[in-house]
Amino acid sequence: MHADTAQSAIDTFISAFNASDDAYVTSLLSMALTSDVVLWGPLGRSEGIEAVERFVLDIRRHPAGPGTMVRCSGVDMPDEWARYRWVFTTPDGGPRLAGTDVVHLRRGLIDQMIVFAGDLAPAV
């Protein structure tokens, strides 16, 4: 699989966080994810586009106001796995969160996603 294919799926997924209206979230996720996608994140494991959609909509409704999600690195892709860094910022200098996602692609769509939010603690 080519990195361009992974980057397209990743960028489409990220665009769901920034859609102009909640009504567009489902269609964007459907273009980026398999119907049986599995997401491992800070709040546990979720399965299916509907579960990922709830995750995205929750972030879109951040108490500090609607934020912006941006991929802030290239896409590193050894074979069918890819990783990238992202940053989420809220308006007016509000909370900022950054992390790294690792995704698995099947037929050009993300079928597994692991979300690492925040920085790692230094080694002891």
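Structure's up top.
The following paragraphs examine the structure supplied in this document. Treat the numbers as computed from the prediction; the structure is a model and nothing was measured.

### With respect to the packing of aromatic side chains
Inference 1: Applying the stated criterion to the full structure yields 2 aromatic pairs.
Inference 2: Aromatic pair Phe 13 and Phe 17: ring centres 5.3 Å apart, planes at 90°, arrangement edge-to-face. Pair noted here: Phe 13 and Phe 17 are both in helix H1 (residues 3-17), with a separation of 4 residues, about one helical turn. Across the pair, Phe 17 and Phe 13 agree in class, each one buried.
Inference 3: Taking the centre distance of 6.3 Å and the plane angle of 85° together, the rings of Phe 17 and Phe 55 count as edge-to-face. Here Phe 17 is found in helix H1, whereas its partner Phe 55 is found in helix H3 (residues 49-60), with 38 residues between them in sequence.
Inference 4: Phe 17 gets classed as buried once you look at its relative accessible area, which sits at 5%.
Inference 5: Taken together through their ring pairs, the aromatic side chains of Phe 13, Phe 17 and Phe 55 make up a single cluster.

### Structural notes on H1
Inference 1: Along its 15 residues, H1 runs 22 Å from first to last C-alpha, staying within 8% of the 21 Å computed at 1.5 Å per residue.
Inference 2: Inspection of H1 places Ala 6, Ala 9, Ile 10, Thr 12, Phe 13, Ile 14, Ala 16 and Phe 17 among the buried residues, and these make up the whole buried set.

What counts, and at which threshold
Residues numbered from 1 in each chain as written. Predicted model: local features only at pLDDT ≥ 70, side-chain atom pairs only at ≥ 80, totals over all residues. Heavy atoms only, no water. Phe/Tyr/Trp six-rings, centres within 6.5 Å; stacked < 30°, edge-to-face > 60°. Helix = DSSP H or I, 4+ residues; strand = E, 2+ residues; numbered from the N terminus. Buried < 20%, exposed > 50% of the residue type's maximum accessible area, 1.4 Å probe, protein only. Expected span 1.5 Å × (residues − 1).

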